[in-house]
Amino acid sequence: MVLLKTKRRFIAGATCPKCNALDSIALTLENGLETLNCVHCGFKQTQTPKQATAATRQFEQMIGVFNPSED
């Protein structure tokens, strides 16, 4: 029997659309599908990376990139 470990990444500042809990959304990527899970209430949403890219807001801007090698 082979057990596969799936790595969860928590999304900082995200709120659950069902229970509105802050910082409770974890993202996993398995077989080309992204799954959002709320560790508080169990809400689950699945999407492909292409759907996730399409849902990105048009006018979002990056504030900055931290580069520790720059002084």
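Below is a summary of the structure that appears in this document.

Definitions and cut-offs
- Residues numbered from 1 in each chain as written.
- Predicted model: local features only at pLDDT ≥ 70, side-chain atom pairs only at ≥ 80, totals over all residues.
- Heavy atoms only, no water.
- Pairing = 2+ DSSP bridges.
- Helix = DSSP H or I, 4+ residues; strand = E, 2+ residues; numbered from the N terminus.
- Core = buried A, V, L, I, M, F, W, Y, C linked by side-chain atoms within 4.5 Å.
- Buried < 20%, exposed > 50% of the residue type's maximum accessible area, 1.4 Å probe, protein only.
- Contact = heavy atoms within 4.5 Å.

**Things to note about the pairing of strand β4 (residues 44-47)**
Okay, step 1: Relative to β4, strand β3 (residues 33-38) runs antiparallel, the two being bridged by 4 bridges. Considered in β4, the bridge of T35 is made with T46.

**Remarks on the pairing of strand β2 (residues 25-30)**
Okay, step 1: One ladder, built from 2 bridges, connects strand β1 (residues 9-10) with β2; its direction is antiparallel. Across the sheet, F10 pairs through a bridge with A26, a residue of β2.
Okay, step 2: Pairing of β2 with β3, which is carried by 6 bridges, proceeds in the antiparallel orientation. In the strand pairing of β3, A26 is matched with N37.
Okay, step 3: If you look at the hairpin formed by β2 and β3, you'll find 2 residues sitting between the two strands, and N31 has a positive phi there, around 55°.

**Side note on the sheet that holds β3**
Hydrogen bonds along the backbone pair up the strands of a sheet, which may run parallel or antiparallel.
Okay, step 1: Spatial ordering of the open sheet is given by β1-β2-β3-β4, a layout of 4 strands whose pairing is antiparallel. Each end of this open sheet is capped by a strand with a single partner; those strands are β1 and β4.

**Brief notes about the nonpolar core**
Okay, step 1: Listed in full, the 6 residues of the largest apolar core are A14, C16, I25, L27, L36 and C38.
Okay, step 2: Those elements that place two or more of their residues in this core are β2 and β3.
Okay, step 3: Sequence-distant contacts of A14, that is, excluding residues within four places in its chain, are made with A21, L22, D23, S24 and I25.

**A look at the side chain of N37**
Okay, step 1: If you trace the backbone, N37 turns up in strand β3.
Okay, step 2: Relative accessible area serves as the criterion here: at 17%, N37 is assigned to the buried category.
Okay, step 3: Apart from residues lying up to four places away in sequence, N37 is in contact with S24, I25, A26, T28, F43 and K44.

**What about the environment of L22?**
Okay, step 1: Counting through the fold element by element, L22 comes out in the loop between β1 and β2.
Okay, step 2: Accessibility expressed as a relative area gives 55% for L22, which makes it exposed.
Okay, step 3: On a C-alpha basis, the gap between L22 and H40 in space is 9.4 Å, while along the polypeptide they are 18 residues apart.
Okay, step 4: The residues touching L22, leaving out its near neighbours within four places in the chain, are G13, A14 and T15.

**What about the environment of T28?**
Okay, step 1: Following the sequence through the fold, T28 ends up in strand β2.
Okay, step 2: Overall, the relative accessible area of 10% leaves T28 in the buried class.
Okay, step 3: Taking the C-alpha atoms as reference points, T28 and T46, 18 residues apart in sequence, are found 9.5 Å from one another.

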